[in-house]
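A look at the structure
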Amino acid sequence: MAMRAMVQELGNQIAQENLNRPLTYEQLMNRHRDQLTKLNISLCRECFIPIGKEEGEHCNEVRKHYLVRLRGLQPKRHAKARKHISISDE
Ligand SMILES: [Zn+2]
């Protein structure tokens, strides 16, 4: 199976599991650690969708949302500054 298809399947599986019984981010990470490591991906902390490790802990959508909320910036105009702003749950 192609890598992308496997990532997608894992994403669907996690979404399905989460519908049946909501898990915390840590529980999901633990449960799927082997596969996540094998595919070299991570999960978004907010929406639990598979994301590339280089994306950090949040998907693009959440990062955009945080940026707009925290900084009152227009993501488009400040696209270049984006990678320098780190986001924390604390
Ligand atoms: Zn997300």
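**Notes on the overall build of the protein chain**
Within the protein chain, the secondary structure is distributed over 4 helices and 2 strands. Reading the secondary structure of the protein chain in the N-to-C direction produces α-α-α-β-β-α.

**Thoughts on the nonpolar core**
Counting 7 residues, the largest nonpolar core is built from Ile-14, Leu-36, Ile-41, Leu-43, Phe-48, Ile-51 and Cys-59. Those residues within four positions of Leu-36 in sequence are excluded, and the remaining contacts are Ile-41, Ser-42 and Leu-43.

**Side note on the environment of Glu-17**
Its place among the elements puts Glu-17 in helix 1 (residues 3–20). Along the chain, Glu-17 and Leu-28 lie 11 residues apart, while their C-alpha atoms are 9.3 Å from each other.

**Brief notes about unusual backbone geometry**
Generally, phi is negative for residues other than glycine and the peptide bonds are trans, each holding for most cases. Although it is not a glycine, Asn-40 adopts a positive phi angle of roughly 60°. Note that Asn-40 resides in the loop between helix 3 (33–39) and strand 1 (41–43). On the neighbour-count criterion, Asn-40 (11 C-beta atoms within 10 Å) is exposed. Although it is not a glycine, Phe-48 adopts a positive phi angle of roughly 60°. Here Phe-48 shows up in the loop between strand 1 and strand 2 (50–52).

**Considerations on the environment of Glu-54**
Counting through the fold element by element, Glu-54 comes out in the loop between strand 2 and helix 4 (60–71). For the pair Glu-54 and Ser-42, spaced 12 residues apart in sequence, the C-alpha to C-alpha distance is 9.0 Å.

**Re helix 1**
Under the 1.5 Å per step criterion, the end-to-end length of helix 1 is 26 Å for 18 residues, consistent within 8% with the ideal 26 Å. Where burial is concerned, little of helix 1 is hidden: 1 out of the 18 residues are buried.

Procedures and definitions
- Residues numbered from 1 in each chain as written.
- Predicted model: local features only at pLDDT ≥ 70, side-chain atom pairs only at ≥ 80, totals over all residues.
- Helix = DSSP H or I, 4+ residues; strand = E, 2+ residues; numbered from the N terminus.
- Core = buried A, V, L, I, M, F, W, Y, C linked by C-beta atoms within 7 Å.
- Buried ≥ 20, exposed ≤ 12 C-beta atoms within 10 Å, placed from the backbone.
- Contact = placed C-beta atoms within 7 Å.
- Expected span 1.5 Å × (residues − 1).

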